[in-house]
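This is what each chain is made of:
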Amino acid sequence: MAKYFPTIGLEIHAELRTKTKMFCDCPNSPEDKKPNINVCPVCLGHPGTLPVINKKAIESMIKIGLAIGGEINETFKFDRKNYFYPDLPKAYQISQFDMPIVIGGELDISSRLGSKKIVKINRVHLEEDAAKLMHGADNGKDVTLVDFNRGGVPLMELVSEPDIHSAEEAVAYGQELQLILRYLGVSDADLEKGQMRFDANISLSSDEKLGTRAEIKNLNSFGALESAVNYEIKRQTEILEEGGRVDQETRGWDDIKQKTVPQRSKEQAHDYRYFPEPDLPPLTKAGFDVEALRSEIPELPNGKRARFTQEYGLNPEQMNILIEDKDMSEYFEQALSELEGDEQISANQEKIKLTLNYLTSDLRGLLMAKNADFDDCKITPENFADLMDMVVKKEINSRVAKDLLVKMLDSGADPREIVKNEELSQVSDGKELEPIVSSVIAANPKAVEDYKKGKSAALQFLFGKSMAALKGRGNPEALKSLLEKLLG
């Protein structure tokens, strides 16, 4: 039985973050709850209206091209892609055909897979998004309504070469591109809001010659991308093993049935009849300050991964938690810079580990519970570093530190001020501890008796009672040592 090898190419669409739409001055705010509020004669396709190019969208595309190592075309233009559909009021879409803004490039996804893998990119072009169709029922009849708020929003399309060979690689590629777009600040690329979508071209072959491909359209989550690719590989394998022929067709993904379904065959595929957009002039690379745009590109994910490994000794799991959130990774470094003191922070693994743990578990958890992000966190990196410094110096214990985080997040106050005002500093002095511990021992004779009989749980019970009496302020080591001494 022949072994079939999958080949996958991805087309990824992402809405760009601009103030206005691609060819008019309507707000780029497709998520407005009131439908058809961000519209004008231009984006509604009224006769006699003329489009005007959004310069910011072009600059964002140039940044994307530079970030992936692509070539910025010396000349690029817009074209009309002709088709009739309810979400396209002009009956054509302004897109780019033979002269896109970016040619070539590549995406290194090795860090996500744990093995070397680079996906080459064919092109990146710019177009306007279509409107949003909403299906429902009205008076017992099925209806489709159109919200044009999204119509005309700047939309990037990035087309890969057929270099992907599994669902795992496809997802890793999509996730890395999403992260790069967010680092560049050119798109939020939020899948749940429809700001990023995938089309997957999948074919199987038993030799070097590529097989017949099927295209899966409009996948709107990484889960859908993974499931659709796996299903399609399985479907095509079964057809070929039975001696059948895979049809070239466009298919959709049924998320409920977890299967791809046919939409149109090759014979029914559209001829879009592209021709140059007569109302928009060609543009040139020379018309944009490419080097200035290059200087605005921040450190990208792979560069940060390499540096974090070298400077902070983070393992892949720790590093990826930070890298996935640009704001959190910057917060981490700002806090560490405050903790340097007399030595380079990279040489102090205790401080790095402590900061990382409190940041990625405690503080991140509190922010998630409030549906907040690091960019609007009330705790400054300086105050967070102060908190870590107090824990390292044993001025407070971990329980108090966790309580302080909650107070700081609510008020934005300095941790030292809170500790001073609420008398929360850790008690380590035996003279202060002994009266409290002695009273706990006296009040729990049964536990004392159990301890003397060798029951270790009794010591933990007395430790807990003593810590409660101290309102969590006791130094754990000093407290345990004193208990053992007094019980001995």
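Everything below is about the structure printed above this text.
Residues numbered from 1 in each chain as written. Predicted model: local features only at pLDDT ≥ 70, side-chain atom pairs only at ≥ 80, totals over all residues. Heavy atoms only, no water.

Draft legend 1. Just the sheet that holds strand β4 (residues 79-82), in detail. As summarised here, the arrangement of the 3 strands in space is β5-β4-β16, forming an open sheet in which the pairing is antiparallel. The strands lining the two open edges of the sheet, one partner per strand, are β5 (92-95) and β16 (275-276). Inspection of the sheet shows β4 paired to β16 by 2 bridges, in the antiparallel sense. Each residue of the ladder has a partner; that of R80, found in β16, is F275. (Pairing = 2+ DSSP bridges. Helix = DSSP H or I, 4+ residues; strand = E, 2+ residues; numbered from the N terminus.)

Draft legend 2. Representation of the pattern of salt bridges. Inspection of the entire model under this criterion finds 34 salt bridges. One salt bridge connects K285 with E74, and the closest N-O pair in it is separated by 3.9 Å. Of this pair, K285 sits in the loop between β17 (283-284) and α5 (290-295) while E74 sits in the loop between β2 (71-72) and β3 (75-76); the two residues are 211 residues apart in sequence, bridging distant segments of the chain. Overall, K285 belongs to the partly exposed group, its relative accessible area being 26%. Taking the shortest distance from any N to any O, the salt bridge between K393 and D389 comes out at 3.1 Å. (Salt bridge = Lys/Arg side-chain N within 4 Å of Asp/Glu carboxyl O. Buried < 20%, exposed > 50% of the residue type's maximum accessible area, 1.4 Å probe, protein only.)

Draft legend 3. Geometry of empty space enclosed by the protein. Counting across every chain of the model gives 1 cavity of 30 Å³ or more. Taken as a whole, the largest cavity spans an internal volume of roughly 60 Å³. In terms of lining, the largest cavity is formed by C43, D87, L88, P89, K90, Y92, E128, D129, A130, A131, G151 and G152. Among the residues forming the lining of the largest cavity, the class breakdown is 6 nonpolar, 2 polar and 4 charged. (1 Å grid on protein atoms, 1.4 Å probe; cavity = no way out; pocket = protein on both sides within 12 Å on 5 of 7 lines; lining within 4 Å. Points joined across faces, edges and corners; volume = space filled by probe spheres on them. Nonpolar A, V, L, I, M, F, W, Y, C, P; charged D, E, K, R; others polar.)

Draft legend 4. Quick peek at unusual backbone geometry. Positive phi is not limited to glycine here, since Q258 has a value of about 55°. By the secondary structure assignment, Q258 is in the loop between β14 (249-254) and β15 (259-265). Despite not being glycine, R273 shows a phi value in the positive range, around 50°. Tracing the chain through its elements places R273 in the loop between β15 and β16.

Draft legend 5. Examining the environment of P381 more closely. With respect to the helices and strands, P381 occurs in helix α10 (residues 381-392). Counting along the chain gives 47 residues from P381 to Q334, while the straight-line C-alpha distance between them is 5.9 Å. Not counting residues up to four positions away in its chain, the partners in contact with P381 are Y331, Q334 and A335. (Contact = heavy atoms within 4.5 Å.)

Draft legend 6. Broad picture of the pairing of β15. Relative to β15, β14 runs antiparallel, the two sharing 6 bridges. What sits directly across from E249, in β15, is S265. Counted along the chain from β14 to the antiparallel partner β15, the turn is 4 residues long, and its residue Q258 has a positive phi close to 55°.

Draft legend 7. Geometry of the nonpolar core. Core analysis: the largest hydrophobic core is formed by 104 residues, its most contacted members being M156, Y173, L363 and F384. For this core, the leading source of residues is helix α3 (residues 167-184), giving 11 residues. Those residues within four positions of L363 in sequence are excluded, and the remaining contacts are Y331, Y358, F374, C377, I379, F384, L405 and L409. If you look at the next biggest cluster of nonpolar residues, it comprises 15 residues, including L462, M467, L470 and L487. (Core = buried A, V, L, I, M, F, W, Y, C linked by side-chain atoms within 4.5 Å.)

Draft legend 8. Representation of the side chain of N73 within the structure. Turning to its location among the elements, N73 is positioned in the loop between β2 and β3. A polar contact of 2.8 Å, which involves the side chain of N73, links it to the backbone oxygen of P100. In this structure N73 touches M99, P100, I101, I103 and K285, once residues within four positions along its chain are discounted. (Polar contact = N/O pair within 3.5 Å; in protein donor to acceptor, adjacent residues only side chain to side chain.)

Draft legend 9. Inspection of the layout of surface pockets at higher detail. The calculated volume of the second largest pocket comes to roughly 1200 Å³. For the second largest pocket, the lining is made up of 30 residues, of which R182, D188, D190, D325 and D373 are closest to its centre.

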